[in-house]
Amino acid sequence: MAKKTKKDENPKVNPDLDGFKMNINSFGEISSSYSIDKINEFLNKNVDDKKLRDREDLEDEKEEVKKKKK
């Protein structure tokens, strides 16, 4: 049986993360095309953290971000 060839397709991603690539080298170190700060900023905007839902100090920051978007 012939081996299947790997297609070098880019996965579907959020437009904000267009061009994002992650690689793991032979030592197990993770490298990416975006900085950690930029990834964390994206996750803070788009992912709901169950542990932080009930914190009052974070609700004020969320309201400020919503006002800036309008």
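In the block above lies the structure referred to throughout.
Everything in this summary refers to the structure shown in the same document. (Residues numbered from 1 in each chain as written. Predicted model: local features only at pLDDT ≥ 70, side-chain atom pairs only at ≥ 80, totals over all residues. Heavy atoms only, no water.)

Observations concerning the environment of Phe42
Mapping Phe42 onto the fold places it in helix H1 (residues 36–46). For Phe42, a relative accessible area of 14% puts it in the buried group. When the C-alpha positions of Phe42 and Asp16 are compared, they lie 7.9 Å apart, and in sequence the two are 26 residues distant. Those residues within four positions of Phe42 in sequence are excluded, and the remaining contacts are Asn14, Asp16 and Leu17. (Helix = DSSP H or I, 4+ residues; strand = E, 2+ residues; numbered from the N terminus. Buried < 20%, exposed > 50% of the residue type's maximum accessible area, 1.4 Å probe, protein only. Contact = heavy atoms within 4.5 Å.)

Looking at the environment of Tyr34
Position of Tyr34 among the secondary structure elements: in the loop between strand E2 (30–32) and H1. For Tyr34, a relative accessible area of 16% translates into the label buried. In this structure Tyr34 touches Asp16, Leu17, Asp18, Gly19, Phe20 and Ile39, once residues within four positions along its chain are discounted. Within the local environment of Tyr34, its side chain forms a polar contact with the backbone oxygen of Asp18, the two atoms lying 2.6 Å apart. (Polar contact = N/O pair within 3.5 Å; in protein donor to acceptor, adjacent residues only side chain to side chain.)

Some thoughts on the layout of surface pockets
If you add up the space inside the second largest pocket, you get close to 230 Å³. For the second largest pocket, the full set of lining residues is Asn10, Pro11, Val13, Asp18, Gly19, Phe20, Lys21, Met22 and Asn23. For the lining of the second largest pocket, the class distribution of residues is four nonpolar, three polar and two charged. (1 Å grid on protein atoms, 1.4 Å probe; cavity = no way out; pocket = protein on both sides within 12 Å on 5 of 7 lines; lining within 4 Å. Points joined across faces, edges and corners; volume = space filled by probe spheres on them. Nonpolar A, V, L, I, M, F, W, Y, C, P; charged D, E, K, R; others polar.)

A word on the pattern of salt bridges
In this structure the tally under the stated criterion is one salt bridge. Between Lys45 and Glu41 there is a salt bridge; the shortest N-O distance is 3.5 Å. Of this pair, Lys45 and Glu41 both sit in helix H1, separated by four residues, roughly a single helical turn. For Glu41, a relative accessible area of 46% gives the class partly exposed. (Salt bridge = Lys/Arg side-chain N within 4 Å of Asp/Glu carboxyl O.)

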